[in-house]
Amino acid sequence: MSSLAAARADNFYYPPEWSPKKGSLNKFNGQHALRERARKIDQGILIIRFEMPYNIWCGGCESMIAKGVRFNAEKKQVGNYYSTKIWSFSMKSACCKHEIVIQTDPKNCEYVIISGARKKIEDYDAEDAETMILPVDEDKSKLVDPFYRLEHQEEDLKKKKEAEPLLVRLQRVSDTRHSDDYAMNKALRAKLRTQKKRVAEEEAASKKIGLGIRLLPPSAEDAATAASVKFAHKFDRNRRDKRAIIYSGSIFFESSGSSKRSELESKRRKINAAAASKLLVGGFKPSSWSEAAASSKKQRRI
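In this text the structure is predicted, and so the values were computed from the model without any measurement.

Trainee: Please explain the sheet that holds strand β1 (residues 46-51) as it appears in this structure.
Mentor: If you walk across this open sheet you meet the five strands as β1-β4-β5-β6-β7, and the pairing is antiparallel. Whereas interior strands pair on both sides, the edge strands pair on one side only; in this sheet they are β1 and β7 (110-115). The average angle at which neighbouring strand axes cross in this sheet is 40°, direction not considered.

This is the structure:
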């Protein structure tokens, strides 16, 4: 703490022009002790870090804001409940900059959403979740009555007898699962080894067929989907070729010579299309013109 930087960081540095008559350092520098957080202190507003008490739905974009998310909120007093102050927190959501206002409720000891959002309701059925139902505050106050307490105890005993088989079964399952740690660890490691071996085999099979991704094992659903796919037959290809010839032809009347010429042109197109398809497949057979050209080249060389 002997250095000047450390002294100034802790507000222990007093400049030479300061004197005790000028008050504290904050008053001398003309600033509040909370700095930027107190920029609206004249309006009764203080900037704090507010933590969301429960899950809510944003009123602007309907996105969920989880419990525990923190905001820079404006805190101000809006009323009193007897001698307890009621505080209001105004903040803007990070998703759409929508303003959310939440107030404290000292009577029910909770937070209440005033505007800008709505609470996410997360109710469940205690019977489906197999959990115990805790008594309500009204039932707790009624326990002062001896007759009500006696009836309540009888109901609790009845519930205990009904839930006892389930609790015993759960305890037995828990004991069998956690009784032998070595066996559990051994079974888990064997399962992981089998899984790694299967993943390695799938990666090797994918590399063998030239794929860079791992393929999942075949399933009956994939086989049914592949079987339902229908490819184009020869009829569809011929119909498509005929339509192409019709679209490429002239719409005006032609003489017999021109019709013969168009037939020859269509036949030549079909021959060229067949040759091109054979060339793509790899079964190209040279035509008579190419053979004649090759023989003439040989004669020239001789």
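Trainee: I would appreciate a short explanation of unusual backbone geometry in the present structure.
Mentor: Glycine aside, residues mostly have negative phi angles, and peptide bonds mostly take the trans form. At lysine 97, a position not held by glycine, the phi torsion is positive, near 60°. By secondary structure assignment, the location of lysine 97 is in the loop between β5 (84-92) and β6 (99-105). Backbone geometry at cysteine 109 places phi at a positive 55°, although glycine is not the residue there. Mapping cysteine 109 onto the fold places it in the loop between β6 and β7.

Trainee: I tried to follow the pattern of salt bridges on my own but got confused; where do I start?
Mentor: Pairs can form between side chains of opposite charge once their charged atoms are near each other. Counting across every chain of the model gives six salt bridges. For glutamate 36, the salt bridge identified is with arginine 39, shortest N-O distance 3.5 Å. Arginine 39 sits in the partly exposed class, given a relative accessible area of 48%. One salt bridge connects lysine 40 with glutamate 74, and the closest N-O pair in it is separated by 2.7 Å. Highlighted residues: lysine 40 in the loop between α2 (25-29) and β1 and glutamate 74 in strand β4 (residues 70-81), separated in sequence by 34 residues. Here lysine 40 falls in the partly exposed class, since its relative accessible area comes to 26%. One network of salt bridges, in which partners are shared, links Arg198, Glu202 and Arg214.

Trainee: What should I look at first to understand a nonpolar patch on the surface in this one?
Mentor: The grouping of Ile209, Leu211, Ile213 and Leu215 at the surface amounts to a nonpolar patch, some 380 Å² of accessible area in total. Within the secondary structure layout, isoleucine 213 lies in the loop between α6 (181-208) and α7 (220-228).

Trainee: What's the story with a positive patch on the surface in this structure? I'm lost.
Mentor: On the surface, Lys186, Arg189, Arg193 and Lys196 cluster together to form a positively charged patch. In this structure, lysine 186 sits in helix α6. Its relative accessible area of 53% is what places lysine 186 among the exposed residues.

Trainee: How should I be thinking about the nonpolar core in this particular structure?
Mentor: The tendency in soluble globular proteins is for nonpolar side chains to be buried as a group. With 15 residues, the main nonpolar core has Phe50, Met52, Ile56, Ile65, Met91, Ile100 and Ile102 as its most contacted residues. Counting only elements with at least two residues in this core, the list comes to β1, β2 (56-58), β4, β5 and β6.

Trainee: Please clarify how the side chain of glutamate 202 should be interpreted in this entry.
Mentor: Along the chain, glutamate 202 falls in helix α6. Its relative accessible area of 11% is what places glutamate 202 among the buried residues. Within the structure, glutamate 202 has its side chain in polar contact with the side chain of arginine 214 (distance 2.5 Å). Residue contacts for glutamate 202: discarding those within four places in its chain leaves Arg214, Leu215 and Pro217.

Trainee: Please clarify how the side chain of asparagine 55 should be interpreted in this entry.
Mentor: Note on placement: asparagine 55 falls in the loop between β1 and β2. A distance of 2.6 Å separates the side chain of asparagine 55 from the backbone nitrogen of lysine 67, its partner in a polar contact. Setting aside residues no more than four positions away along its own chain, asparagine 55 makes contact with Ile65, Ala66, Lys67, Lys119, Lys120 and Glu122.

Cut-offs applied
Positions within a chain are numbered from 1, following the residues in the order the chain's sequence is written. In keeping with the model being predicted, local features are shown solely for residues with a pLDDT of at least 70 and side-chain atom pairs are shown and tallied solely at 80 or more, while totals for entire chains, interfaces and linings include all residues. Just so you know, side-chain values use all the structure's heavy atoms and leave hydrogens and water out. Strand pairing is assigned whenever DSSP detects at least two bridges linking the two strands. Strands here are runs of E lasting at least two residues and helices are runs of H or I lasting at least four, both read from the DSSP assignment and numbered beginning at the N terminus. Helix axes are fitted to C-alpha atoms over the stretch in contact, other axes to C-alpha atoms as well, and angles between N-to-C directions run from 0 to 180 degrees. When a carboxyl oxygen of Asp or Glu is within 4 Å of a side-chain nitrogen of Lys or Arg, the pair counts as a salt bridge. Using a 1.4 Å probe on the protein chains alone, a residue whose accessible area is under 20% of its type maximum counts as buried, one over 50% counts as exposed, and one in between counts as partly exposed. A patch consists of residues whose relative accessible area exceeds 30% and which take part in no salt bridge; residues with like charges are grouped when within 9 Å of each other, and nonpolar side chains (Val, Leu, Ile, Met, Phe, Trp, Tyr) when within 5 Å. Throughout, the Shrake-Rupley method with a 1.4 Å probe supplies accessible areas, and for residues the shown protein chains are the sole cover considered. When charges are counted, neither His nor the chain ends are considered; positive counts come from Lys and Arg and negative counts from Asp and Glu. Lysine's charge is taken at NZ, arginine's at CZ, aspartate's at CG and glutamate's at CD. The set of buried Ala, Val, Leu, Ile, Met, Phe, Trp, Tyr and Cys residues whose side-chain atoms join them within 4.5 Å is what this entry labels a nonpolar core. For this analysis, a polar contact is any N or O atom pair within 3.5 Å, provided that within protein one partner can donate a hydrogen and the other can accept it, and provided that sequence-adjacent residues contribute only side-chain to side-chain pairs. Two residues qualify as a contact provided that any one of their heavy atoms is within 4.5 Å of a heavy atom in the partner residue.

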